[in-house]
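Each chain, written out:
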Amino acid sequence: DCNICPGGYYCNGDGCSAYAQCGAGYRCPEGSADRIACEVGEYQANHNSTYCEQCPAGYYCENVDDSTAQGTAIVCPKGNYCPAGSSAPIQCATGTYSSSVSASNCTVCIPGYYCNAVNGTESPTYCPDGYYCPKGSSVPLVCSAGTFSVNGGKAICDPCSGGYYCDVVNGTTPTQTVCPAGHYCPEGSDDPIPCDAGTYSPSEGRPECLTCTNGSYCNNVNGTVVPSACEVGHYCPAGEYNHGGTP
């Protein structure tokens, strides 16, 4: 009588004594007439096993059923992740990255950086001037008008300082511009504002205008820089805005 082919071996030759070792990358349960290749996402490094094992997290297992099958788990490359049972590395999604090999998941892109490499991000990219990059950014975002960003790496843009304005267009002007005379620029300004009638601003960089002085009037439509002297026959209390003063 012939014996049942033992586990870890297969018997497909002539005669009861012809049996062969299963080989790495295959499994041979008891009574196997041929070896069975491990499924994708599985591996077996031993040469005489009855079962295959799930590919461990941080690795992937292709297990091609041919003469090159080695039955080994392959380390997951940078910019990718490999959960348990992976048959191929998975590219990190935009807004995430993997800076080391054997990652089982990707890390959310850190604030001040963005992650959008086409083939999976290995390391985050520094956010440029004029832009901001909150946590998980896939692209840098342009600072809105009235805000600015210098020196890069910003998770949020800063409000434009009082006495300055920030008319950012597509992030091309990341710095603050000093407010001109005859105008005022409160914090967060995106454009200089002409001084109201009855007020003036004699110098650059002012967050607010001054009240027109006694004996003068301020009514320049484009913002008064220097008050005008009250005309003869008129009077000009503080804050006067009528041309020449009040008759």
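If you're wondering where the values come from, they're calculated on a predicted model, not measured in any experiment.

Asker: Got a minute to help me understand the overall build of the protein in this structure?
Answerer: Within the protein, the secondary structure is distributed over zero helices and 26 strands. Relative to the 2.2 N^0.38 estimate, which gives 18 Å for 247 residues, the radius of gyration of the protein is 38 Å and therefore markedly larger than a compact globule would have. For the protein, the spread of C-alpha atoms along the three principal axes comes to 135 × 20 × 20 Å. Per-residue burial for the protein yields a buried fraction of 33% across its 247 residues. Taken as a whole, the protein presents about 13200 Å² of accessible surface, with 48% of it coming from carbon and sulfur. The positive charge centre, built from 6 side chains, and the negative charge centre, built from 22, are 7 Å apart in the protein.

Asker: Explain the state of the cysteines here, please?
Answerer: Any covalent bond linking the sulfur atoms of two cysteines counts as a disulfide. The tally for this structure, following the rule as stated, stands at 14 disulfides. Sulfur-sulfur distance for the disulfide between Cys5 and Cys11 comes to 1.9 Å. Note on the Cys5 and Cys11 pair: the S-S dihedral is about 85°, so by sign convention the disulfide is right-handed. There is a disulfide in this structure between Cys55 and Cys61, and the S-S distance comes to 2.1 Å. Judged by the sign of its S-S torsion, about 80°, the bond between Cys55 and Cys61 is right-handed. The class of Cys61 is buried, set by a relative accessible area of 0%.

Asker: Help me understand the packing of aromatic side chains, please; the structure alone is not making it clear to me.
Answerer: Geometry of an aromatic ring pair is reported as the spacing of the ring centres plus the angle between the planes. Here the structure, examined in full by the defined rule, presents two aromatic pairs. Seen in terms of ring centroids, Tyr113 and Tyr126 are 5.4 Å apart; in terms of plane orientation they differ by 70°. Their pairing is edge-to-face. Of the two residues, Tyr113 sits in strand β13 (residues 113-114) while Tyr126 sits in strand β14 (residues 125-126), which places them 13 residues apart along the sequence. The exposure class of Tyr113 is partly exposed, given its relative accessible area of 27%. Positioned above the aromatic ring of Tyr26 is the side chain of Arg35, whose terminal nitrogen or guanidinium carbon lies 3.8 Å from the ring centre.

Asker: Quick question: what am I supposed to make of the environment of Pro77 here?
Answerer: Among the structural elements, Pro77 can be located in the loop between β8 (74-75) and β9 (80-81). Separated by 85 residues in the primary sequence, Pro77 and Gly162 have C-alpha atoms spaced 49 Å apart. Here Pro77 is in contact with Tyr60, Pro89, Ser100 and Val101, once residues within four sequence places are set aside.

Asker: Just to check I follow, could you spell out the nonpolar core for this structure?
Answerer: A general trend in soluble globular proteins is that nonpolar side chains are found buried together. Residues Tyr10, Cys22, Tyr26, Cys28 and Ala37 constitute the largest nonpolar core, which totals five residues. Residue contacts for Cys22: discarding those within four places in its chain leaves Gly8, Tyr9, Tyr10, Arg27, Cys28, Arg35, His47, Asn48 and Ser49.

Asker: Teacher, can you tell me more about unusual backbone geometry here?
Answerer: Leaving glycine out, the prevailing phi sign among residues is negative, and the prevailing peptide bond configuration is trans. In this structure, Ser102 takes a positive phi of about 60° despite not being glycine. Within the secondary structure, Ser102 is located in the loop between β11 (96-97) and β12 (107-108). The class for Ser102 is partly exposed, based on a relative accessible area of 36%.

Asker: Mind showing me how you'd approach a nonpolar patch on the surface here?
Answerer: Taken together, the side chains of Tyr59, Val75 and Val101 present a nonpolar region at the surface, about 220 Å² in accessible area. Residue position: Val75 is located in strand β8.

Rules used in this analysis
- Residues numbered from 1 in each chain as written.
- Predicted model: local features only at pLDDT ≥ 70, side-chain atom pairs only at ≥ 80, totals over all residues.
- Heavy atoms only, no water.
- Helix = DSSP H or I, 4+ residues; strand = E, 2+ residues; numbered from the N terminus.
- Rg over C-alpha atoms; globule rule 2.2 N^0.38 Å.
- Buried < 20%, exposed > 50% of the residue type's maximum accessible area, 1.4 Å probe, protein only.
- Areas by Shrake-Rupley, 256 points an atom, 1.4 Å probe, with all protein chains shown as cover.
- Lys, Arg positive; Asp, Glu negative; His and termini not counted.
- Charge placed at Lys NZ, Arg CZ, Asp CG, Glu CD.
- Disulfide = S-S within 2.5 Å.
- Phe/Tyr/Trp six-rings, centres within 6.5 Å; stacked < 30°, edge-to-face > 60°.
- Lys NZ or Arg CZ within 6 Å of the ring centre and 35° of its normal.
- Contact = heavy atoms within 4.5 Å.
- Core = buried A, V, L, I, M, F, W, Y, C linked by side-chain atoms within 4.5 Å.
- Patch = residues over 30% accessible without salt bridge, like charges linked within 9 Å, V, L, I, M, F, W, Y side chains within 5 Å.
- Salt bridge = Lys/Arg side-chain N within 4 Å of Asp/Glu carboxyl O.

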